[in-house]
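Chain by chain, the residues run as shown.
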Amino acid sequence: MKLPPIQVAVLEAASADEPTDIDDLAAQLEEKPETVTGAAFALEEAGLLSVTDRTETQVSLTEEGATYATDGLPEVRLYEAAIEAGAADEPVPMGEVLGAAALDGPAVDIALSNFARKGYGSIDSGQLSATPEADPADDEEAQALKRLAAGESLAEESLRDRLASRNLIEVTERTRRAVTLTEAGVTELMAGVEATERVDRLTPAHLQSGEWEAVTFAEYNVEAAAETPTPGKRHVLRQTAKRVKEVLVGMGFQEMAGPHVDADFWINDCLFMPQDHPARTHWDRFALENPRRIDELPEDLLERVERAHREGVGEDGEGYHSPWSRDFAAELALRGHTTSLSARYLSGEQVGELEPPQRYFSVEKAYRNDTLDATHLLEFFQIEGWVMAEDLTVRDLMGTFREFYSQFGITDLQFKPTYNPYTEPSFELFGRHPETDELIEIGNSGIFRPEMLEPLGVEADVMAWGLALERLLMLITGFEDIRDVHGTLVDLDFLRGVEVEY
Ligand code: PHE
């Protein structure tokens with residue numbers, strides 16, 4: 001007969017003559033008691049074993065009981081002192097006897113009540129008389145305590161009850177399960193039992209040979225810690241960029257595209273940024289060496305932009321009165337913001353002249369020669385956008401932001417006036433970080449100035465913004481250091497575990 005290995009082991013360890021305790025069996029086989037019990041029941045079902053339960057009572061001495069087992073019961077000590085004091089002949093003052101027996105505290109009451117109960121004597125008006133024929137050597141309770149202290153058992157139920165009610169012993173019960181071989185079990189053992197093969201998976205071979213019926217499957221440990229799969233997935237920043245695009249398209253925007261490396265003309269000059277502006281020096285710029293300049297710039301536009309820089313626009317316009325060179329305008333650099341795309345689109349350069357109303361956006365990288373820290377990187381994603389329409393106000397700008405950020409569950413927005421050479425008025429946008437509760441800057445915005453729009457040939461109003469995608473993600477997920485999501489120091493656990501609900 002073939003049986004699972006554990007059943008074979010239990011069968012072989014069991015005896016037909018006397019029950020074998022399952023816990024002992026488990027210890028002997030180095031298996032868990034549950035495993036052995038399971039095997040025992042399976043064998044019982046097969047008629048090879050019988051499983052029996054019995055309740056075992058365990059009696060142990062309490063601390064007080066253990067003390068009396070060595071020092072003697074208080075009532076016995078009282079009786080012995082009473083005999084010594086001659087209380088068998090005539091009453092003796094109780095205090096005297098208690099003193100002689102060295103009894104005090106709670107032991108006094110215990111001694112006195114049990115003294116009378118057991119017929120060791122009586123107390124009358126403070127006088128103690130002892131029963132001459134009483135024999136403390138016969139005290140059942142004292143004897144029982146001694147036996148228990150010596151590790152013997154205590155079967156007499158009434159005595160157990162009495163000692164338990166005096167709180168001298170503790171009685172506990174537990175069920176012991178035992179197995180005994182049946183006749184059929186003995187017969188099978190004699191005929192020989194073999195362990196079936198233990199496998200952890202079923203193979204085609206098992207199916208073909210019919211062996212599948214006999215094999216034992218290794219148990220699954222459903223509590224074992226499973227390996228966490230970390231498959232490749234879209235970076236959370238890219239996921240967010242995708243969502244931003246969906247939201248903006250949903251709000252009626254079209255996407256802009258354009259070069260990462262661009263002429264300073266598109267990056268700065270078209271935005272009425274003076275050529276001696278600090279942000280345009282080589283410190284903030286990633287300039288290109290080869291090629292150094294763009295091949296072509298639209299001639300008319302170039303002239304109009306130059307004029308705006310030198311003279312300003314309108315009747316009483318003022319220019320910057322600072323140097324302006326075409327060569328510098330033609331120089332190439334990694335774009336420091338994606339507003340270069342807005343300049344290209346607004347000028348008509350990218351998709352031709354645009355009539356209001358228009359809405360455009362991009363979610364693209366911008367590059368700055370910043371010092372790396374928790375909120376600054378050399379490159380980041382900018383959510384660029386602009387709306388061209390007649391009569392735009394700051395309210396339109398704020399409303400657009402509220403609408404956009406609410407799509408990400410962000411409603412606590414604050415606006416702070418600021419300065420940009422190309423917008424008037426200008427606003428910085430702040431949001432509240434969910435972990436630190438601090439206001440963090442999440443974008444910059446404004447209404448483009450005539451000095452910028454006139455040379456570009458735009459007559460309507462244009463409101464525009466550049467928002468940081470990383471900051472938006474910070475508000476959504478609560479991470480605190482931008483380097484956790486970008487670059488060589490990324491927090492892989494964060495990136496693997498982060499879930500965004502878009
Ligand atoms: N270019 C600005 C920046 O990089 C953002 C901006 C875009 C501000 C358009 C106003 C208008 O921060």
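For the protein chain, the name recorded in an unreviewed UniProt entry is Phenylalanine--tRNA ligase alpha subunit, with Halodesulfurarchaeum formicicum as its organism. Among the UniProt annotations of the protein chain, the heading Subunit (unreviewed entry) holds the following wording: "Tetramer of two alpha and two beta subunits." Its UniProt record gives the protein chain a comment under Catalytic activity (unreviewed entry), which states: "tRNA(Phe) + L-phenylalanine + ATP = L-phenylalanyl-tRNA(Phe) + AMP + diphosphate + H(+)".

*Asks:* What's the story with helix α14 (residues 299-311) in this structure? I'm lost.
*Replies:* An α-helical segment advances 3.6 residues per turn. Residues three or four places apart therefore align on the same side. Spanning 13 residues, α14 covers 18 Å between terminal C-alpha atoms, matching the ideal 18 Å at 1.5 Å per step. Looking at α14, one finds that the buried residues are Leu301, Leu302, Val305, Glu306, Ala308 and His309. Taken end-on, α14 shows its buried residues confined to a sector of 160 degrees, consistent with a single buried face. Of the surrounding elements, those touching the buried residues of α14 are α13 (264-267), α15 (326-330) and α18 (450-456). Immediately downstream of α14, the backbone of glycine 312 shows phi near 80 degrees, a positive value.

*Asks:* Can you walk me through the site of the ligand in this structure?
*Replies:* Around the ligand sit 15 residues, and of these His337, Thr339, Arg368, Gln382 and Tyr422 come closest. One of the side-chain nitrogen or oxygen atoms of threonine 339 is found 2.9 Å away from a nitrogen atom of the ligand. One of the side-chain N or O atoms of tyrosine 422 is found 2.9 Å from a nitrogen atom in the ligand. Burial of the ligand by the surrounding chains reaches 94%, relative to a free accessible area of 330 Å². Counting atoms within 2 Å of the grid points, the majority share of the ligand lands in the largest pocket. Elements with a minimum of two residues in the shell around the ligand: β15 (379-389), β18 (439-448) and β19 (461-468). Top element by residues in the shell around the ligand is β18. It accounts for four residues. Taken together, the residues of the shell around the ligand break down into four nonpolar, nine polar and two charged.

*Asks:* Explain the domain arrangement of the protein chain here, please?
*Replies:* By a frequent convention, interface size equals the accessible area lost on bringing the separate parts together. By the assigned domains, the protein chain splits into domain 1 (61-168), domain 2 (196-226) and domain 3 (236-497). Taking only C-alpha atoms into account, the centre of domain 2 sits 63 Å from that of domain 3.

*Asks:* What am I meant to see in the UniProt feature "domain: Aminoacyl-transfer RNA synthetases class-II family profile" (unreviewed entry) in the protein chain here?
*Replies:* Feature annotation in UniProt places "domain: Aminoacyl-transfer RNA synthetases class-II family profile" (unreviewed entry) on residues 244-499, given in this structure's numbering. Helix makes up 28% of residues 244-499 and strand 25%. Its end C-alpha atoms lie 16 Å apart.

*Asks:* So what exactly am I meant to see when it comes to the sheet that holds strand β2 (residues 20-21) here?
*Replies:* Strand-to-strand pairing in sheets goes through backbone hydrogen bonds, with the strands running parallel or antiparallel. Ordered in space as β2-β7-β3, the three strands form an open sheet in which the pairing is antiparallel. If you trace the sheet from one side to the other, it starts and ends with β2 and β3 (49-61), each paired once. Examined bridge by bridge, β2 and strand β7 (residues 169-181) share two bridges and lie antiparallel to one another. By the bridge assignment for β7, threonine 20 is matched with valine 179. Across the face of the sheet, helix α8 (residues 140-149) comes into contact with β3 and β7 while running at roughly 120 degrees to β3.

*Asks:* Sorry if this is basic, but what is going on with the UniProt feature "binding site: Mg(2+)" (unreviewed entry) in the protein chain here?
*Replies:* The UniProt record marks Glu424 with the feature "binding site: Mg(2+)" (unreviewed entry), using the residue numbering of this structure. Tracing the sequence through the fold places glutamate 424 in strand β17 (residues 423-432). In this view, glutamate 424 contacts Ile447 and Arg449; residues no more than four positions away in its chain are not counted.

*Asks:* Can you walk me through the layout of surface pockets in this structure?
*Replies:* One water molecule sets the probe size; rolling that probe over the atoms shows where empty space is left. Approximately 1,000 Å³ is the volume attributed to the largest pocket. Lining the largest pocket are 47 residues, and of these Gly336, Arg368, Phe380, Gln382 and Asn444 sit closest to its centre. When contributions to the lining of the largest pocket are tallied by element, the ones reaching two or more residues are α13, β13 (332-334), β15, β16 (413-420), β17, β18, β19 and α19 (469-477). Of the residues forming the lining of the largest pocket, the biggest block, seven residues, is contributed by β18. Here the residues of the lining of the largest pocket sort into 19 nonpolar, 16 polar and 12 charged. In this structure, the second largest pocket occupies an estimated 180 Å³ of space. Looking at the lining of the second largest pocket, the elements that each hand over two or more residues are α1 (5-13), α3 (33-45) and β10 (216-217). For the lining of the second largest pocket, the element with the highest residue contribution is α3, accounting for four residues. Classifying every residue of the lining of the second largest pocket gives five nonpolar, four polar and four charged.

*Asks:* In this structure, what is going on with unusual backbone geometry? I would like to understand it.
*Replies:* Backbone geometry follows two general trends: most residues other than glycine have a negative phi, and most peptide bonds adopt the trans configuration. Across the junction of asparagine 290 and proline 291, the peptide omega takes the value 0 degrees, indicating a cis bond. If you trace the backbone, proline 291 turns up in the loop between α13 and α14. Residue proline 356 is joined to proline 357 through a cis peptide bond whose omega torsion reads -5 degrees. With a phi close to 55 degrees, glutamate 30 is a non-glycine residue in the positive phi region. Tracing the sequence through the fold places glutamate 30 in the loop between α2 (22-29) and α3. On the basis of relative accessible area, glutamate 30 is assigned to the exposed category, the value being 73%. Its identity is not glycine, yet serine 125 carries a phi of approximately 40 degrees, on the positive side. Inspection of the secondary structure puts serine 125 in the loop between β5 (121-124) and β6 (127-130). By relative accessible area, serine 125 is classed as exposed at 70%.

*Asks:* Looking at this model, I keep getting lost on the pattern of salt bridges. Mind explaining?
*Replies:* When the charged atoms of two side chains lie near each other, side chains of opposite charge can form a pair. Enumeration according to the criterion identifies 36 salt bridges in this entry. Residue arginine 176 pairs with aspartate 21 through a salt bridge whose shortest N-O separation is 2.7 Å. On the criterion of sequence distance, the pair formed by arginine 176 in strand β7 and aspartate 21 in strand β2 is long-range, its members being 155 residues apart. Across the pair, aspartate 21 and arginine 176 agree in class, each one buried. Its salt-bridge partner being arginine 285, residue aspartate 264 comes within 2.9 Å of it at the nearest N-O pair. Note that aspartate 264 is positioned in helix α13 and arginine 285 in the loop between α13 and α14, a separation of 21 residues in sequence. Note on accessibility: aspartate 264 and arginine 285 belong to one class, buried. Three or more residues joined by partner-sharing salt bridges are found here, namely Glu75, Arg117, Lys118, Asp139, Glu140, Glu141, Arg162 and Arg166.

The rules behind these values
- Residues numbered from 1 in each chain as written.
- Predicted model: local features only at pLDDT ≥ 70, side-chain atom pairs only at ≥ 80, totals over all residues.
- Heavy atoms only, no water.
- UniProt positions renumbered as here; feature names shortened; annotations may be inferred.
- Helix = DSSP H or I, 4+ residues; strand = E, 2+ residues; numbered from the N terminus.
- Expected span 1.5 Å × (residues − 1).
- Buried < 20%, exposed > 50% of the residue type's maximum accessible area, 1.4 Å probe, protein only.
- Arc of directions from axis to C-beta.
- Contact = heavy atoms within 4.5 Å.
- Near = heavy atom within 4 Å.
- Polar contact = N/O pair within 3.5 Å; in protein donor to acceptor, adjacent residues only side chain to side chain.
- Areas by Shrake-Rupley, 256 points an atom, 1.4 Å probe, with all protein chains shown as cover.
- 1 Å grid on protein atoms, 1.4 Å probe; cavity = no way out; pocket = protein on both sides within 12 Å on 5 of 7 lines; lining within 4 Å.
- Sits in = over half its atoms within 2 Å of the grid points.
- Nonpolar A, V, L, I, M, F, W, Y, C, P; charged D, E, K, R; others polar.
- Domains from an automatic or database assignment.
- Pairing = 2+ DSSP bridges.
- Axes fitted to C-alpha atoms, helices over the stretch in contact; angles between N-to-C directions.
- Points joined across faces, edges and corners; volume = space filled by probe spheres on them.
- Salt bridge = Lys/Arg side-chain N within 4 Å of Asp/Glu carboxyl O.

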